[in-house]
Amino acid sequence: MVSESSLAVSVLPEGLREREQWVCWREEERDGKPTKIPVTPGAGGFASSTESDTWSDFETALEYTGTEHADGIGFVFTDDDPVVGVDLDDCRDPETGDVDDAARDIIERLDSYTEVSPSGTGFHVLITGTLPDGRNRRGSVELYDTARFFTVTGDHVNETPTHVARRQDALTAIHREYVQNTERDTASESEQRESAGDQSASGGAADADVDLEDEDLLEKARNASNGEKFEQLWNGNTAGYDSQSEADMALCCLLAFWTGGDRTQMDHLFRQSELLREKWDEVHYADGSTYGEKTIERAITTTSEFYEPDAGDDTTDAHDPATDSSPGGDAGDSERSRAYLAEKNRLLGERVDELEATLAEKTERIDTLEAEVERLTEELAARDQEIEQPHEEQVATACESSSESETRSVWRRLFGGDSE
């Protein structure tokens, strides 16, 4: 149980203590493993990380940890604050204090308020920034910025600041390196960059001189044999694609073909399409690239053939990676197919992680509801017992009174008068 004496209140960042986003928690066993159940400070019922009326100010939460109903306090992340939590599990030896290299690297680069987790086997780092899109956990590294709560111990790591620092660049880089990337993704991008260099040296996109005006280019794209596909994507129809990101990639590949890999014109045209969304200009990568810039880069890399005005054939099919899986293609088709599949697998991996995170949240919700039902059941049984006990006493008293009355009545009949 955490008390004010054991939790170093003065070490906790003041900016966090001022927010009314605090809950308590108690540890219960669920399916053979300890689970931290969020508790509403003062009330003792289940607290929800999405329902602000179950939270309180810091002082109320801290005071409630002095009761038998709570083991500690926690901070809730919301969409209305810039706080991001970095959870590093199974990276610290609780007996020796030794920390693994990956966790040490993350803590040093984030350089913000860090504390040891309740188990002593991990760390919680708190920073301010914006969590990049995509998966939010891989292995023992998890990132949260909304609808979750962090246990707070006050067991501050001495080498780290006592304030919550803004670390957007470091967060973006760590998300990319430790959460977003896989060895396969890294290898695939490396191969793509090498392929792009080969294309430039042998007459790829860098040598393609298309120079079509926007209207002429769009007309040719619509009149090509796969013009229906182009028109569908241009109008924002993502049917047939697993996600809008795949549709974005497909349209960019088509634009890469018709523009000869002209990045500026591709970006200009994409912004005229119905697929354009705010995400296009958001920075998603450690090198400062936006989602749109990286999508265009990948589209050009995976496109090995470009429109040739001198060829005299305006009906040539532009490249759509979604249709490049037919057997019997040339080496370029095979390479594009592999690149497309790698990108598709990456997007599917992100979706799987999102579903796993949702499942974990629902499981946590079920655990807390079961705990609440158990608590209410015990409370109801106690109240029933309290009601039954006075009732039994009243019945016993009534029986005694009735017995005395019957005795007096018998004496009257026998002796013709009252008798004690």
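Model, not experiment: these values are computed from the prediction.

Each value, and the rule that gives it
Residues numbered from 1 in each chain as written. Predicted model: local features only at pLDDT ≥ 70, side-chain atom pairs only at ≥ 80, totals over all residues. Heavy atoms only, no water. Helix = DSSP H or I, 4+ residues; strand = E, 2+ residues; numbered from the N terminus. Buried < 20%, exposed > 50% of the residue type's maximum accessible area, 1.4 Å probe, protein only. Contact = heavy atoms within 4.5 Å. Areas by Shrake-Rupley, 256 points an atom, 1.4 Å probe, with all protein chains shown as cover. Arc of directions from axis to C-beta. Axes fitted to C-alpha atoms, helices over the stretch in contact; angles between N-to-C directions. Parallel < 35°, antiparallel > 145°, perpendicular 65-115°, else oblique. Left-handed = near helix turned anticlockwise from the far one by under 90°. Nonpolar A, V, L, I, M, F, W, Y, C, P; charged D, E, K, R; others polar. Pairing = 2+ DSSP bridges. Core = buried A, V, L, I, M, F, W, Y, C linked by side-chain atoms within 4.5 Å. Expected span 1.5 Å × (residues − 1). pLDDT = per-residue confidence, 0-100. Polar contact = N/O pair within 3.5 Å; in protein donor to acceptor, adjacent residues only side chain to side chain.

Moving on, we come to the overall build of the protein. Tallying secondary structure elements over the protein gives eleven helices and nine strands in all. Here the protein, with 420 residues, has 44% of them falling under the buried criterion. Restricting to contacts in the protein with at least 6 residues of sequence separation, those with at least 24 account for 72%. When the accessible surface of the protein is totalled, it reaches about 22400 Å², and 45% of it is carbon and sulfur.

Let us now look at helix α6 (residues 214-223). Turning to α6, its buried residues number three or more, namely Asp214, Leu217, Leu218, Lys220 and Ala221. One side of α6 holds all its buried residues, which, seen down the axis, span an arc of 165°. Exposed positions of α6 whose direction lies more than 90 degrees from the buried face are Glu215 and Asn223. Check the buried side of α6 and you find it contacts α7 (227-234), α8 (244-259) and α9 (263-270).

Look at α7 against α8: their axes get within 10 Å of each other, and the N-to-C directions meet at 125°. Viewed along their axes, α7 and α8 adopt a mutual orientation that is oblique. Between α7 and α8 lies a crossing of left-handed hand. Contacts between α7 and α8 involve Phe230, Leu233 and Trp234 from the former and Ala247, Ala250, Leu251, Leu254 and Leu255 from the latter. Split into classes, the residues belonging to the contact of α7 with α8 amount to eight nonpolar, no polar and no charged.

It is worth spelling out the sheet that holds strand β9 (residues 148-152) at this point. The four strands lie next to each other as β2-β1-β3-β9, forming an open sheet whose pairing is antiparallel. The outermost strands of the open sheet, each flanked by one partner alone, are β2 (33-39) and β9. The average angle at which neighbouring strand axes cross in this sheet is 45°, direction not considered. Relative to β9, strand β3 (residues 72-77) runs antiparallel, the two being bridged by five bridges. From the neighbouring strand, valine 76 faces β9, where its bridge partner is phenylalanine 149.

Take the nonpolar core next. Side chains of a nonpolar character, in soluble globular proteins, are inclined to be buried together. Residues Phe230, Leu233 and Met266 are the most contacted members of the largest nonpolar core, which totals 31 residues. Going through the elements one at a time, α6, α7, α8, α9 and α10 (291-301) are the ones with two or more residues in this core. The biggest single contributor to this core is α8, with eleven residues. Aside from chain neighbours lying at most four places away, what touches methionine 266 is Cys252, Leu255, Ala256, Thr259, Gly261, Ile296, Ala299 and Ile300.

This part is about α8. Think of an α-helix as turning once every 3.6 residues; residues three or four places apart then point the same way. Helix length check: α8, at 16 residues, gives a terminal C-alpha distance of 22 Å against a target of 22 Å (1.5 Å per residue), a fit within 8%. With 15 of 16 residues buried, α8 is to be regarded as a mostly interior element.

Let us now look at the pairing of strand β8 (residues 141-144). Burial along β8 is two-sided: Val141 and Leu143 and Glu142 and Tyr144, pointing in opposite directions, are all buried. Sheet topology note: the strand β4 (residues 83-88)/β8 ladder contains four bridges and is antiparallel. Bridge pairing links valine 86 to leucine 143 in β8. Bridging between strand β7 (residues 137-138) and β8 involves two bridges; their strand directions are antiparallel. Paired with arginine 138 across the bridge in β8 is valine 141. Counted along the chain from β7 to the antiparallel partner β8, the turn is two residues long, and its residue glycine 139 has a positive phi close to 60°.

Turning our attention to the sheet that holds β4. The strand order β5-β6-β4-β8-β7 describes an open sheet built from five strands, whose pairing is antiparallel. Looking along the sheet, the strands with just one partner apiece sit at the ends: β5 (114-116) and β7. Across the sheet, helix α3 (residues 101-110) touches β4, β5, β6 (123-128) and β8, and the angle it forms with β4 is around 160°.

For the rest of this paragraph, the subject is the confidence of the model for the protein. Of the residues in the protein, 72% have a pLDDT of 70 or more, and the chain-wide mean is 80. Contacts of residues 183-207 to residues separated by more than four positions or lying in other chains number 27 contacts, the stretch itself having pLDDT below 50. Across residues 321-333, where pLDDT falls below 50, the model places twelve contacts with residues more than four positions away in sequence or in other chains.

Our next topic: the side chain of histidine 175. Following the sequence through the fold, histidine 175 ends up in helix α4 (residues 168-180). The buried category is assigned to histidine 175, whose relative accessible area is 2%. At a separation of 2.8 Å, a polar atom in the side chain of histidine 175 contacts the main-chain carbonyl oxygen of arginine 135. When residues no more than four places from it in sequence are discounted, the contact partners of histidine 175 are Leu131, Pro132, Asp133, Gly134, Arg135, Leu143 and Gln180.

So, about unusual backbone geometry. Within the chain, aspartate 90 stands out as a residue other than glycine whose phi angle is a positive 50°. As for its placement among the helices and strands, aspartate 90 is situated in the loop between β4 and α3. In the Ramachandran plot, alanine 147 falls in the positive-phi region, its phi being about 60° despite a non-glycine side chain. If you trace the backbone, alanine 147 turns up in the loop between β8 and β9.

Attention now goes to the pairing of strand β1 (residues 22-30). Most of β1 is tucked away, with seven of its nine residues classed as buried. Relative to β3, β1 runs antiparallel, the two sharing four bridges. Across the sheet, the residue bridging to tryptophan 22 is phenylalanine 75, located in β3. Summarising the sheet, β1 and β2 pair through seven bridges and their orientation is antiparallel. For arginine 30, the partnering residue across the bridge sits in β2 and is lysine 33. What sits between the antiparallel neighbours β1 and β2 is a turn of two residues, in which aspartate 31 has the positive phi angle 55°.

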